[in-house]
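# Summary of structural features
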Amino acid sequence: MGVMDLVALGCRITQFIFAVITLGLVSYTAHWYNAHSTYQDSPSRVNFLIFVSLWTLLALLYLALSPRFFPSMAHKYAILGLDFLTMVFWFAGWVALAVYKENLILCGGRICHVMTAAIVFGALEWLLFMASTALAGLHAWRTRGMGSKAPEKNTGASVSSV
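We now turn to the structure provided with this report.

What counts, and where the lines are drawn
Residues numbered from 1 in each chain as written. Predicted model: local features only at pLDDT ≥ 70, side-chain atom pairs only at ≥ 80, totals over all residues. Heavy atoms only, no water. Helix = DSSP H or I, 4+ residues; strand = E, 2+ residues; numbered from the N terminus. Buried < 20%, exposed > 50% of the residue type's maximum accessible area, 1.4 Å probe, protein only. Contact = heavy atoms within 4.5 Å. Areas by Shrake-Rupley, 256 points an atom, 1.4 Å probe, with all protein chains shown as cover. Patch = residues over 30% accessible without salt bridge, like charges linked within 9 Å, V, L, I, M, F, W, Y side chains within 5 Å. Salt bridge = Lys/Arg side-chain N within 4 Å of Asp/Glu carboxyl O. Polar contact = N/O pair within 3.5 Å; in protein donor to acceptor, adjacent residues only side chain to side chain. Phe/Tyr/Trp six-rings, centres within 6.5 Å; stacked < 30°, edge-to-face > 60°. Core = buried A, V, L, I, M, F, W, Y, C linked by side-chain atoms within 4.5 Å. Expected span 1.5 Å × (residues − 1).

## Concerning the overall build of the chain
On a plain count of helices and strands, the chain comes out with four helices and zero strands. Here the chain holds 162 residues, and 34% of them are scored as buried. Contacts spanning at least 24 positions in sequence make up 76% of the contacts within the chain whose residues lie at least 6 apart. When the accessible surface of the chain is split by element, carbon and sulfur atoms take 69% of a total near 10,100 Å².

## Details of a nonpolar patch on the surface
A contiguous nonpolar patch, built from Leu58, Leu61, Leu65, Phe69, Phe70 and Met73 and spanning about 650 Å² of accessible area, is present on the exposed surface. Positionally, Phe69 belongs in helix 2 (residues 44-69). Overall, the relative accessible area of 57% leaves Phe69 in the exposed class.

## Overview of the side chain of Thr22
Following the sequence through the fold, Thr22 ends up in helix 1 (residues 3-36). At a separation of 2.8 Å, a polar atom in the side chain of Thr22 contacts the main-chain carbonyl oxygen of Phe18. Once residues lying within four places of it in the same chain are set aside, the contact partners of Thr22 are Ser53, Trp90, Ala118, Phe121 and Gly122.

## Focus: the pattern of salt bridges
Counting across every chain of the model gives one salt bridge. Among the salt bridges present, the one from Arg12 reaches Asp83, with a minimum N-O distance of 2.9 Å. Within this pair, whereas Arg12 is found in helix 1, its partner Asp83 is found in helix 3 (residues 76-102), the two being separated by 71 residues in sequence. As far as the burial class goes, Arg12 and Asp83 line up, both buried.

## Some words on the packing of aromatic side chains
As enumerated under the stated definition, the model contains 11 aromatic pairs in all. Arranged with centres 5.1 Å apart and planes meeting at 45°, the rings of Phe91 and Trp126 form a pair that is tilted. On the criterion of sequence distance, the pair formed by Phe91 in helix 3 and Trp126 in helix 4 (residues 110-142) is long-range, its members being 35 residues apart. Residue classification places Phe91 among the partly exposed positions, given a relative accessible area of 40%. An aromatic cluster of at least three residues, connected via ring pairs, comprises Phe48, Phe51, Trp55 and Phe89.

## Side note on the nonpolar core
With 28 residues, the main nonpolar core has Leu49, Leu63, Trp90, Leu97 and Phe129 as its most contacted residues. Setting aside anything within four residues of it in sequence, one finds Leu63 in contact with Arg12, Ile79, Leu82, Asp83 and Phe129.

## What to know about helix 3
Taking 1.5 Å per residue as the helical rise, helix 3 with its 27 residues ought to reach 39 Å, and the 39 Å between its terminal C-alpha atoms agrees with that figure. Of the residues making up helix 3, those classed as buried are Lys76, Ile79, Leu82, Asp83, Thr86, Met87, Phe89, Trp90, Gly93, Trp94, Leu97 and Tyr100. Buried-residue contacts for helix 3 involve helix 1, helix 2 and helix 4.

Quick look at the structure:
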C-alpha cells in the first residue's frame with residue numbers, strides 16, 4: 001500500500017466519521033423543529049443535509065470498498081463522478097444551511113449552536129470531498145488511455161522480441 005493509498009484511506013475514514021457526526025447534528029435540528037415549532041416543519045435545508053449525509057454513507061461503501069475488494073467494479077471515472085457529485089452536494093448543503101441560519105431573526109440557545117456545528121462539519125466534509133475528488137481526478141489523468149484496470153505488475157519473465 002503506497003503513500004497515496006494511505007492518504008486516500010485516511011480521507012475516506014474521516015469522511016465517514018464527519019458524515020455520521022453531521023447526520024446526528026442535522027437529525028437533532030430536524031427533530032427540534034418538528035417538536036418545538038408550531039408554525040413550520042424542519043427546514044428543507046436541514047432535510048437536504050440529512051439526505052447528503054445518508055448519500056455519503058452509501059457512496060463511501062462504493063468509494064472505499066470497490067477498489068480494494070471488487071476492482072472490476074471500481075471504474076476510475078465512476079469514482080471521479082461520484083466524488084464530484086458528493087462534493088457538490090456537500091457544498092450546496094452547508095451553504096444553504098449557513099444562509100438559512102444567518103437569515104433567522106431570532107436564533108438562540110442550543111439549536112443555534114447545533115446548526116453552527118452542522119455547518120462547520122458540512123464545510124469540512126466538502127473540503128475532504130474536494131481533496132478526494134482531486135485525488136480521483138489525478139488518478140484518472142495519470143492513467144488515461146489505460147482503461148479502468150490497474151496495470152499489471154512486471155514479473156521480469158517477459159522476453160522482448162527483436
